[in-house]
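Coordinate inspection notes
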2 protein chains.
Amino acid sequence: METNHPVKPEELSQQHPADIADTLQRLPVEEGLTLLQAMPAEPAGHALVELEYDYRAEVVASLAPQELVRLVQPLEHHETADLIAELEGRSREQIIQRLPDDVALPVRTLLDYPEDSAGGIMSDRFVTLSMDESVERSQERLRNSETFLSDDISYLYVVDAKKALKGIVSFRDLVFAAPGSKVSAIMRKQVTCLRLWDDQEEISRQFAHYHYLGLPVLDDQDRVVGVVRSSDVLEIAREEATEDMQLMVGLSGEERVLTSWKKSLPRRLPWLLVNLATAFAAAAVVGMYEGVIAQWTALAVFLPIIAGQGGNAGMQTLTVIIRDMALGEISPGDGRRALVKELILGIANGLAIGLVVGAVSYLWKGSALLGWIVFAAMVLNQLAAGLAGVLIPFTLKRLRVDPALASSIFLTTITDVAGFFFFLSLAALAMRWALPQ
Amino acid sequence: METNHPVKPEELSQQHPADIADTLQRLPVEEGLTLLQAMPAEPAGHALVELEYDYRAEVVASLAPQELVRLVQPLEHHETADLIAELEGRSREQIIQRLPDDVALPVRTLLDYPEDSAGGIMSDRFVTLSMDESVERSQERLRNSETFLSDDISYLYVVDAKKALKGIVSFRDLVFAAPGSKVSAIMRKQVTCLRLWDDQEEISRQFAHYHYLGLPVLDDQDRVVGVVRSSDVLEIAREEATEDMQLMVGLSGEERVLTSWKKSLPRRLPWLLVNLATAFAAAAVVGMYEGVIAQWTALAVFLPIIAGQGGNAGMQTLTVIIRDMALGEISPGDGRRALVKELILGIANGLAIGLVVGAVSYLWKGSALLGWIVFAAMVLNQLAAGLAGVLIPFTLKRLRVDPALASSIFLTTITDVAGFFFFLSLAALAMRWALPQ
């Protein structure tokens, strides 16, 4: 047993907050709470930020207001806002009122932006320079405000008298510049910016696409109000990109191995019931041909093969498309290209698999007719799988639904229904025309 | 039609290299080549680096040696090495020999490290300071070497006489330090480092976990030989994390919507044939009970429901685990926790779905016995799905295979085989004991 000996708060405090969080979220919430309360605010507050979503929500809801206020004290405003955002309206107000005024005000502002917008993920800690100041004077001023600055600030933002962004200067630029030159002379004027309401998924795509280190966030009047850093986006990018894997099979997108079964059940069961409804559609197709199966039982043996091959091929197509959509690498016109490619692949795969499965069926059951039926059904089914694999995500996207949402459930419905229909209707036709009654 | 008017190289050159690459890889390779050759080396070289894997390999292989040498000229050494790595031994040597000596040597060194190691992804462009130098003297020296420095360098590495790493200084530190102080006095001594052979997946986990901006890479003698930046890791993190979605369903992990069908077919078809082999296992189970189905055809109608529910529930379990493994959030001991959780969920989901599907079967086919058989088979199948969803990825991991590899294919085999066996053997038993012959 790994967790036999109790965790000591003094030892835990020495670790990196991300590692402290890892340890805590493997313990029952009550134990986690006790440990957090026994640690100094500095590591405990940062560890709280690093906890996984469900566990963190429980911890934040269970902490006494004065204890939560203690823990958020070493945090940046946007981290505090993220934690408080998990509370209901009244408890939220309780906490904010206990915060010092110079924290409560910015936290309130940050809470107004949607969680998944630039405003919701940005830090409001950044440094501005005035255009007309000299490099020397700027350096001096910075030296005196050192406490305000953290390690991960790479750029300084140059603003005019109305606080509107005019350019950026890196610390590197400051080091290299002649001390007497004006800030406006060394700043770079072409600056990529984010707007407060930009979507975080789009932001993470931009960071990955253009390899940004950090971008300023502007309000309606072009004033810098925050900054988004690549280190913050990295975690979002990993989570967003993998969320789709979960959505495809009917999961919340936020479930972890450590999520308790009580939380999982109400999230998973509804999608399993949706799947059940769609499975009945496939069953109904088989039901339509019960008479045929009654006369030719060998057909039943091939149902799992038809369903399995259609499902797997369709999932291949679907996954390629969902992944490219998640990575933001789909442009207008790519849908048609994808369709053409997948139809060709459907025919090619269908012919190859159909030949194998047709030959095996013939050898197994001794009926050449069955072999041909299986062959033809497989080609048609592979075509349907490619078609469904392309059309489902593009249709969901056009309906402004996440293209991954339950897509594997819809896909297997189509491949099952189409596959069984092709196979059993061909068999029914064959029995009527080719077999002696 | 979006691509009706030809793309002009002069206009293309003005865009960001990542956007140029986006345009190029939607054109046939010959057109892409012509455009690259018509553009100045500066944007064209950087665009070449940004092309997606398959397209880039084709372009690099088709470029004349002198043209490739022209295009890599504005690139960093590690980018040049990445491009050359795609060529065969002889063509590779041809290019390297045409490079200037001060480029050929470092490129050769970088080519020696595995592509997915710290050595394979690091940049060899970084700046060192001496411990005994003053801050003022360091700044002066840096000012004179400006051409060597790029924008995205945040840290300077402090080394001793043997070039071993002793600490780091940020540009910010340099700006704030008193000009007369020694570098050794302002440097931070606790530095997280990477080693040349560290795995890139592990590196991207560390960057996401600890929010690093950049980390130095050391050789055996603790000398700094390169630096890995968070902006480089971001793209790796997104690709690694989503690769698993592809591996699960039998894709290469590198397929894109734009990948041609000729490249896709030989990658997808083998896994479809593996799936076919496993589908025959499920078919064989049905075959064992052909006699039972012949007497009770209604059973065939329920096969798709059994298979569909087992497959979907198993995929939910599998996906939660694969995702946590991909994000590096599984610790020893989590396997047992996952097993307990999934078995509880299997029973709970099984009872809920079993009741619904049992009741519907009774109402549809008018047989209470059939209802009970479907109910019992569903509970057992959901348990088997949970069990398989946990055991498959942990077993693959223990076998040192990627836990995602073809896992959905193995999973549906188990849920199909187990589900059909439970359902049909229960039906066979019931027919023998409960139904009047």
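Residues numbered from 1 in each chain as written. Chains lettered and ligands numbered in written order. Predicted model: local features only at pLDDT ≥ 70, side-chain atom pairs only at ≥ 80, totals over all residues. Heavy atoms only, no water.

**A look at the overall build of chain A**
- Secondary structure assignment for chain A yields 21 helices and 6 strands.
- Expected size for 437 residues packed as a compact globule is a radius of gyration near 22 Å; at 30 Å, chain A overshoots this value by more than 25%.
- The dimensions of chain A, computed from C-alpha atoms along their principal axes, are 100 × 55 × 35 Å.
- Taken over 437 residues, chain A has a buried fraction of 56%.
- The contacts in chain A between residues at least 6 apart in sequence include a share of 67% that link residues at least 24 apart.
- Counting every atom, chain A has about 18,300 Å² of accessible surface; 56% of that belongs to carbon and sulfur.
- A gap of 5 Å separates the mean positions of the 38 positive and 56 negative side-chain charges of chain A. (Helix = DSSP H or I, 4+ residues; strand = E, 2+ residues; numbered from the N terminus. Rg over C-alpha atoms; globule rule 2.2 N^0.38 Å. Buried < 20%, exposed > 50% of the residue type's maximum accessible area, 1.4 Å probe, protein only. Contact = heavy atoms within 4.5 Å. Areas by Shrake-Rupley, 256 points an atom, 1.4 Å probe, with all protein chains shown as cover. Lys, Arg positive; Asp, Glu negative; His and termini not counted. Charge placed at Lys NZ, Arg CZ, Asp CG, Glu CD.)

**Re the interface of chain A and chain B**
- Taken together, the contact between chain A and chain B spans 128 residues of the former and 128 residues of the latter.
- Considering only the side of chain A, the residues that lose the most area to chain B are Arg 238, Val 257 and Arg 323 of chain A, jointly responsible for 8% of the buried surface there.
- There are 10 salt bridges connecting chain A and chain B.
- For the interface between chain A and chain B, the tally reads 46 residue pairs in polar contact (both at pLDDT 80 or more).
- By residue number, the principal contributor to the side of chain A that touches chain B is helix α18 (residues 298-326) of chain A, which donates 20 residues.
- Taken together, the residues of the side of chain A that touches chain B break down into 68 nonpolar, 29 polar and 31 charged. (Buried area = accessible area lost by both parts, 1.4 Å probe. Salt bridge = Lys/Arg side-chain N within 4 Å of Asp/Glu carboxyl O. Polar contact = N/O pair within 3.5 Å; in protein donor to acceptor, adjacent residues only side chain to side chain. Nonpolar A, V, L, I, M, F, W, Y, C, P; charged D, E, K, R; others polar.)

**So, the packing of aromatic side chains**
- Inspection of the entire model under this criterion finds 18 aromatic pairs over all chains.
- Note on Trp 372 of chain A and Phe 375 of chain A: the rings are 5.8 Å apart at their centroids and 90 degrees apart in plane angle, and the pair reads as edge-to-face. Taken together, the positions of Trp 372 of chain A and Phe 375 of chain A, both in helix α20 (residues 368-398) and 3 residues apart, correspond to about one turn of that helix.
- Where Phe 207 of chain B meets Tyr 212 of chain B, the ring centres are 5.8 Å apart and the plane angle is 85 degrees; that geometry is what we call edge-to-face. No difference in accessibility class separates Phe 207 of chain B from Tyr 212 of chain B, as the two residues are buried.
- Taking the ring centre of Trp 364 of chain A as reference, the NZ or CZ of Lys 365 of chain A above it sits at 4.6 Å. (Phe/Tyr/Trp six-rings, centres within 6.5 Å; stacked < 30°, edge-to-face > 60°. Lys NZ or Arg CZ within 6 Å of the ring centre and 35° of its normal.)

**Topic: unusual backbone geometry**
- Unlike most non-glycine residues, Ala 406 of chain A shows phi in positive territory, near 55 degrees.
- Of note, Ala 406 of chain A is situated in the loop between α20 and α21 (407-433).
- Phi at Asp 222 of chain B is positive, roughly 65 degrees, even though this residue is not glycine.
- Note on placement: Asp 222 of chain B falls in the loop between β5 (214-218) and β6 (224-229).

**Remarks on the sheet that holds strand β4 (residues 194-195) of chain A**
All names here are of chain A.
- One open sheet accounts for 3 strands, arranged β4-β5-β6; its pairing is mixed. Both outer strands of the open sheet, β4 and β6 (224-229), are each paired with one neighbouring strand and no more.
- As paired strands, strand β5 (residues 214-218) and β6 are joined by 5 bridges and run antiparallel to one another. Bridging across to β6, Pro 216 finds its partner in Val 227. (Pairing = 2+ DSSP bridges.)

**Section: the relation of the copies chain A and chain B**
- Overlay of chain A on chain B (RMSD 0.1 Å): rotation 180 degrees, translation along the axis 0.0 Å. Here the transformation between the copies is reduced to the relation of a two-fold axis.
- A share of 100% of the interface residues of chain A reappears at the interface of chain B, consistent with the copies meeting face to face through the same patch. (Least-squares fit on C-alpha atoms with pLDDT ≥ 70 in both.)

**Thoughts on the domain arrangement of chain A**
- Per the domain assignment, the segments of chain A are domain 1 (9-112), domain 2 (128-232) and domain 3 (261-433).
- In this structure, domain 1 of chain A and domain 2 of chain A have C-alpha centres spaced 29 Å apart. (Domains from an automatic or database assignment.)

**Points about the pattern of salt bridges**
Residue and element names in this part refer to chain B.
- Under the criterion given, the structure shown has 42 salt bridges over all chains.
- The partner of Glu 201 in a salt bridge is Arg 205, and the shortest N-O contact between them spans 3.4 Å. In this pair, Glu 201 and Arg 205 both sit in helix α14 (residues 200-210), 4 residues apart, roughly one turn of the helix.
- The salt bridge involving Arg 268 is made with Glu 255; its shortest N-O contact spans 2.7 Å. Of this pair, Arg 268 sits in helix α16 (residues 261-288) while Glu 255 sits in the loop between α15 (230-248) and α16, and the two are 13 residues apart along the sequence. When sorted by exposure, Arg 268 lands in the same class as Glu 255, which is buried.

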